[in-house]
Amino acid sequence: MYRSGAVMAWNVFKFCTALRGLGSIMILLVLGVVGVSYYAVVLSIYGPALTSGGLDSLIALVVLIMFHILLVMLLWSYFSVVFTDPGGVPPNYRPIVDEERGDTDRLTGSEFNPLTTPDPTNSRIRYCRKCNQIKPPRCHHCSVCGRCVLKMDHHCVWVVNCVGAQNYKYFLLFLFYTILETSLVTLSLLPYFIAFFSDGEVAGSPSTLATTFLAFVLNLAFALSVLGFLIMHISLVAGNTTTIEAYEKKTTPKWRYDLGRKRNFEQVFGTVQKYWFIPAYSDEDLRRMPALQGLEYPSKPDLDSQEF
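For the protein chain, the name recorded in an unreviewed UniProt entry is S-acyltransferase, with Lactuca virosa as its organism. Per UniProt, the comment on the protein chain under Sequence similarities (unreviewed entry) is "Belongs to the DHHC palmitoyltransferase family."

This is the structure in structure tokens:
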């Protein structure tokens, strides 16, 4: 029995290690799709069309401007997710009250120590056995990163990082701009894709035609797959929950962090509208909205006694 458990733990460890290694490959894959799309749209088709004159030049100009704007926003959002820490538990973190359970009685110092041998009957302290530390509300342990992540949503191999409190907005913007960019590329290449299977002659070398065909298929596939993922996360933002929490509270009719759609949206994107579509927050929001830091979250007063 012990041997079986040890083998299972070892296999899980190898799986988590493989995910960390896979991440670097996924970044190269993303950049590869961007490169193929850039070659097909800019260098092969619409770039040369700028000199053709007339309506074709105007269409090419519009497509190229939109393509580059969306590409900049996509890459900005993407690398913001990659390089932004999703949020970790501060050293010597100590909650004043058990916010996760909605308690109002202050926690005492004797309830924290010793963390190495916590009282299993004390449900007021949320702690991580793997990290051997107290867990803030809405915090979960990531087996891939090997640490607790604030308001963890999931570990994403595409960004080689966890998606949590401090980079969730950037992740959503990455999905949003990916949808727009891949849709633009798909629509821009659609006439050439149709001509590729028609009886008419298509201009370009075999390598150019192959690259155009590949770019169309890749962008169409990404647009369709990411669209479903983005719709799911829009519903999560509307309810002020995460992927993990949605699974954990599936039998709970009401959610104490659901503040209404407008305030739920602001808990992720902030209140300053000019920052909503860029991967950054205003100093004002960072100063007065602790939820963006991942340690404190406003909740409904009538559900403060709700337990999870």
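Asks: So what about the overall build of the protein chain? Which residues, and what values?
Replies: When helices and strands are counted, the protein chain shows 7 helices and 6 strands. Listing the helices and strands of the protein chain from first to last along the sequence gives α-α-β-β-β-β-β-β-α-α-α-α-α. The buried share of the protein chain, reckoned over its 308 residues, is 44%. In the protein chain, of all internal contacts separated by at least 6 residues, the share reaching a separation of at least 24 is 61%. If you sum the accessible surface of the protein chain, you get close to 16,700 Å²; carbon and sulfur atoms cover 65% of it.

Asks: Explain the packing of aromatic side chains to me, and be specific about the residues and the numbers.
Replies: In this structure the tally under the stated criterion is 16 aromatic pairs. Measuring from ring centre to ring centre gives 4.9 Å for Phe265 and Trp276, while their planes differ by 80°; the resulting arrangement is edge-to-face. Of the two residues, Phe265 sits in helix α6 (residues 261-269) while Trp276 sits in the loop between α6 and α7 (283-288), which places them 11 residues apart along the sequence. You can call Phe265 partly exposed: its relative accessible area is 28%. Here a set of aromatic residues connected by ring pairs shows up, and it is made of Tyr78, Phe79, Phe83 and Phe174. In this structure, Arg138 is placed above the aromatic ring of Tyr297, and the distance from its NZ or CZ to the ring centre is 4.8 Å. Sitting over the face of the ring of Tyr257, Arg256 holds its NZ or CZ atom 5.0 Å from the ring centroid.

Asks: Can you tell me about the layout of surface pockets, naming the residues and giving the values?
Replies: Put simply, the largest pocket is a space of about 370 Å³. Lining the largest pocket are 20 residues, and of these Val30, Phe174, Thr178, Phe222 and Val226 lie nearest its centre. Those elements that place two or more of their residues in the lining of the largest pocket are α1 (2-49), α2 (54-83), β5 (154-156), α3 (168-196) and α4 (206-238). Ranked by residues supplied to the lining of the largest pocket, first place goes to α3 with 6 residues. Residues that form the lining of the largest pocket fall into these classes: 13 nonpolar, 6 polar and 1 charged.

Asks: Just give me the short version of a nonpolar patch on the surface, but keep the residues and values in it.
Replies: A cluster of nonpolar residues, Leu50, Leu55, Leu58, Ile59, Leu61, Val62, Ile65, Met66 and Ile69, forms a patch on the protein surface that exposes about 800 Å² of accessible area. Tracing the backbone through its elements, the reader meets Ile59 in helix α2.

Asks: Describe in detail the confidence of the model for the protein chain, supporting the description with residues and values.
Replies: Model confidence for the protein chain is summarised by a mean pLDDT of 82, while 77% of its residues fall at 70 or above. Of all helices and strands in the protein chain, the one with the weakest mean pLDDT is α1 (73), whereas α2 scores best (96). Counting interchain partners and residues more than four positions distant, the pLDDT-below-50 stretch residues 1-14 has 1 contact. Residue range residues 102-118 is modelled with pLDDT below 50. Its contacts to residues more than four positions away, or to other chains, number 35 contacts.

Asks: Residues and numbers for the packing of α3 against α4, please.
Replies: Interhelical geometry of α3 versus α4 gives an angle of 145° and a closest axis separation of 7 Å. Two packed elements cross with a definite hand, and for α3 against α4 that hand is left-handed.

Asks: Can you explain the UniProt feature "transmembrane region" (unreviewed entry) in the protein chain? Please cite residues and give values.
Replies: The feature "transmembrane region" (unreviewed entry), as annotated in UniProt, sits at residues 21-46, 58-79, 170-197 and 209-231 in this numbering. Between the C-alpha atoms that bound residues 170-197 the distance is 39 Å, and the span itself is 96% helix and 0% strand. With 100% helix and 0% strand, residues 209-231 has end C-alpha atoms that lie 33 Å from one another.

Asks: Which residues make up the nonpolar core, and what values go with them?
Replies: Counting 46 residues, the largest nonpolar core has Val41, Tyr168, Phe171 and Leu189 as the members making the most contacts within it. Elements represented by at least two residues in this core include exactly α1, α2, α3, α4 and α6. In terms of nonpolar packing, the next biggest core, distinct from the first, is built from 12 residues, Ile134, Ala165, Tyr257 and Ala291 among them.

Asks: Describe α6, and please don't skip the residues or the numbers.
Replies: All buried positions along α6 are accounted for by Asn264, Glu266, Gln267, Val268 and Phe269. If you follow the buried residues of α6, they end up packed against α3 and α4.

Asks: For empty space enclosed by the protein, give the residues involved together with the corresponding values.
Replies: Scanning the model with the defined rule gives 2 cavities of 30 Å³ or more in all. Considering only enclosed or pocket space, the second largest cavity measures out at about 70 Å³ in volume. Its residues placed into classes, the lining of the second largest cavity shows 6 nonpolar, 3 polar and 2 charged.

Each value, and the rule that gives it
- Residues numbered from 1 in each chain as written.
- Predicted model: local features only at pLDDT ≥ 70, side-chain atom pairs only at ≥ 80, totals over all residues.
- Heavy atoms only, no water.
- UniProt positions renumbered as here; feature names shortened; annotations may be inferred.
- Helix = DSSP H or I, 4+ residues; strand = E, 2+ residues; numbered from the N terminus.
- Buried < 20%, exposed > 50% of the residue type's maximum accessible area, 1.4 Å probe, protein only.
- Contact = heavy atoms within 4.5 Å.
- Areas by Shrake-Rupley, 256 points an atom, 1.4 Å probe, with all protein chains shown as cover.
- Phe/Tyr/Trp six-rings, centres within 6.5 Å; stacked < 30°, edge-to-face > 60°.
- Lys NZ or Arg CZ within 6 Å of the ring centre and 35° of its normal.
- 1 Å grid on protein atoms, 1.4 Å probe; cavity = no way out; pocket = protein on both sides within 12 Å on 5 of 7 lines; lining within 4 Å.
- Points joined across faces, edges and corners; volume = space filled by probe spheres on them.
- Nonpolar A, V, L, I, M, F, W, Y, C, P; charged D, E, K, R; others polar.
- Patch = residues over 30% accessible without salt bridge, like charges linked within 9 Å, V, L, I, M, F, W, Y side chains within 5 Å.
- Salt bridge = Lys/Arg side-chain N within 4 Å of Asp/Glu carboxyl O.
- pLDDT = per-residue confidence, 0-100.
- Axes fitted to C-alpha atoms, helices over the stretch in contact; angles between N-to-C directions.
- Left-handed = near helix turned anticlockwise from the far one by under 90°.
- Core = buried A, V, L, I, M, F, W, Y, C linked by side-chain atoms within 4.5 Å.

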